[in-house]
Amino acid sequence: MKFIGSFLYGFLPALVLKIFLLNVPKVVKILSKLEGYIVLSTIKRRAAAKYYYFMLVNMFLGTVVTGKKFEEINSFLHQ
């Protein structure tokens with residue numbers, strides 16, 4: 001039972017995140033095509049820009065801000 005719990009809390013979230021991040025470029029490329037662009041280089045450039053903004057906001061700022069907020073909550077609870 002301990003193995004299942006450690007698997008669910010340790011390995012599974014990282015696997016789900018990896019699968020999600022592998023599919024993000026495909027999704028942003030589809031979104032760029034839906035914007036109406038026909039030329040492949042324009043689609044790729046727009047998809048790269050969307051992916052960059054996604055990574056900046058979600059991965060960097062989301063991780064930093066969330067981590068800082070959890071630290072503040074933890075220090076507040078343990079005062």
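Just above, that's the structure.
Our subject in this report is the structure included herewith. No experiment lies behind these values; they were computed from the predicted model shown.

So, how was this worked out
Residues numbered from 1 in each chain as written. Predicted model: local features only at pLDDT ≥ 70, side-chain atom pairs only at ≥ 80, totals over all residues. Heavy atoms only, no water. Helix = DSSP H or I, 4+ residues; strand = E, 2+ residues; numbered from the N terminus. Expected span 1.5 Å × (residues − 1). Bend = angle between axes of the 7 residues up to and from the residue. Buried < 20%, exposed > 50% of the residue type's maximum accessible area, 1.4 Å probe, protein only. Contact = heavy atoms within 4.5 Å. Salt bridge = Lys/Arg side-chain N within 4 Å of Asp/Glu carboxyl O. Patch = residues over 30% accessible without salt bridge, like charges linked within 9 Å, V, L, I, M, F, W, Y side chains within 5 Å. Areas by Shrake-Rupley, 256 points an atom, 1.4 Å probe, with all protein chains shown as cover. Axes fitted to C-alpha atoms, helices over the stretch in contact; angles between N-to-C directions. Parallel < 35°, antiparallel > 145°, perpendicular 65-115°, else oblique. Left-handed = near helix turned anticlockwise from the far one by under 90°. Nonpolar A, V, L, I, M, F, W, Y, C, P; charged D, E, K, R; others polar.

## Some points on the environment of F11
Logical step 1: By the element assignment, F11 lies in helix α1 (residues 2-34).
Logical step 2: As for F11 and L77, which are separated by 66 residues in sequence, their C-alpha atoms are 28 Å apart.

## As for helix α2 (residues 40-77)
Logical step 1: With 38 residues, α2 extends 53 Å between its outermost C-alpha atoms, agreeing within 8% with the 56 Å of an ideal straight helix rising 1.5 Å per residue.
Logical step 2: Along α2, the sharpest kink reaches roughly 35°, centred on G62.
Logical step 3: Every buried residue belonging to α2 is among T42, I43 and A47, and all of these are buried.
Logical step 4: Where α2 is buried, its residues contact α1.

## Some words on the pattern of salt bridges
Pairs can form between side chains of opposite charge whenever their charged atoms are close.
Logical step 1: All told, the structure shown has three salt bridges when counted by the stated rule.
Logical step 2: R46 serves as the salt-bridge partner of E35, at 3.2 Å between the closest nitrogen and oxygen. A residue pair is termed long-range when its members are at least 10 positions apart, and E35 in the loop between α1 and α2 and R46 in helix α2 qualify at 11 residues.
Logical step 3: Owing to a relative accessible area of 40%, E35 belongs among the partly exposed residues under this scheme.
Logical step 4: What makes R46 partly exposed here is its relative accessible area of 34%.
Logical step 5: Put simply, K69 and E72 hold a salt bridge, and the shortest N to O gap is 3.7 Å. One end of the pair, K69, and the other, E72, are both in helix α2, three residues apart, so they sit about a helical turn from each other.
Logical step 6: By sharing partners, the salt bridges in this structure join E35, R46 and K50 into a single network.

## Thoughts on a nonpolar patch on the surface
Logical step 1: A contiguous nonpolar surface patch, about 880 Å² in accessible area, is contributed by F3, I4, F7, L8, Y9, F11, L15 and I19.
Logical step 2: Structurally, L8 can be placed in helix α1.

## As for the packing of α1 against α2
Helices that pack against each other are described as a pair by the angle of their axes relative to one another and the distance between those axes.
Logical step 1: For the pair α1 and α2, the least separation of the axes is 8 Å and the interaxial angle reads 140°. As the angle between them shows, α1 and α2 are arranged oblique. Read as a crossing pair, α1 and α2 show a hand that is right-handed. Residue-level contacts link L17, F20, L21, V24, P25, V28, K29, L31, S32 and K33 of α1 to I43, R46, A47, K50, Y51, F54, M55, N58 and M59 of α2.
Logical step 2: Across the contact of α1 with α2, the residue classes break down as 13 nonpolar, two polar and four charged.

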